[in-house]
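Summary of structural features
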Amino acid sequence: GFMEYGLDRCVFNSSDLNDIEYIYSHYYNMVEYIRFSSSVGKYVGYTEYGVKNAERFNKDASVLARRKAQKETVCKPNIDID
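By the naming in an unreviewed UniProt entry, the protein chain is MHC class II antigen, taken from Perca fluviatilis.

Below, the discussion takes up the packing of aromatic side chains. Scanning the model with the defined rule gives 5 aromatic pairs in all. A ring pair is formed by Tyr33 and Tyr49, whose centres lie 5.2 Å apart and whose planes are at 50°; its orientation type is tilted. Of this pair, Tyr33 sits in strand β3 (residues 31-37) while Tyr49 sits in helix α1 (residues 48-58), and the two are 16 residues apart along the sequence. Residue Tyr33 is classed as buried on the basis of its relative accessible area of 7%. The residue whose ring lies beneath Arg67 is Tyr24, and the NZ or CZ to ring-centre distance is 3.7 Å.

On the surface, a cluster of nonpolar side chains totalling about 440 Å² of accessible area is made up of Met3, Tyr5, Leu7 and Met30. The topology assignment puts Leu7 in strand β1 (residues 4-12). Since its relative accessible area comes to 34%, Leu7 is described here as partly exposed.

What follows covers the nonpolar core. Grouped together as the largest cluster of nonpolar side chains are 12 residues: Ile20, Tyr22, Tyr24, Tyr33, Ile34, Phe36, Tyr43, Ala54, Val63, Leu64, Cys75 and Ile79. Where this core is concerned, the elements lending two or more residues are β2 (20-28), β3 and α2 (61-81). Considering every element that reaches this core, the biggest residue donor is α2, with 4 residues. When neighbours within four sequence positions are excluded, Tyr33 is seen to be in contact with Glu4, His26, Tyr27, Tyr28, Val44, Gly45, Tyr46, Thr47, Tyr49 and Gly50.

The rules behind these values
- Residues numbered from 1 in each chain as written.
- Predicted model: local features only at pLDDT ≥ 70, side-chain atom pairs only at ≥ 80, totals over all residues.
- Heavy atoms only, no water.
- Phe/Tyr/Trp six-rings, centres within 6.5 Å; stacked < 30°, edge-to-face > 60°.
- Helix = DSSP H or I, 4+ residues; strand = E, 2+ residues; numbered from the N terminus.
- Buried < 20%, exposed > 50% of the residue type's maximum accessible area, 1.4 Å probe, protein only.
- Lys NZ or Arg CZ within 6 Å of the ring centre and 35° of its normal.
- Patch = residues over 30% accessible without salt bridge, like charges linked within 9 Å, V, L, I, M, F, W, Y side chains within 5 Å.
- Areas by Shrake-Rupley, 256 points an atom, 1.4 Å probe, with all protein chains shown as cover.
- Salt bridge = Lys/Arg side-chain N within 4 Å of Asp/Glu carboxyl O.
- Core = buried A, V, L, I, M, F, W, Y, C linked by side-chain atoms within 4.5 Å.
- Contact = heavy atoms within 4.5 Å.

Following this line, the structure appears as structure tokens:
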């Protein structure tokens, strides 16, 4: 069967929010087709389908704002625990 999933990651060297990179990737059949990175500040597509969706998501300010906020709401609390 086919498998689709999203993955949240936090890459960090310290607990300072400026040193944290939040990455959200979406995969289909183990191939990453779209990614949001807080360092880039927008979605990037890696396949034809991913590029089309990245264009759509990047035009929606509420989608980008929600992803940008994930750095503070997902990464920071979990890094403070670790």
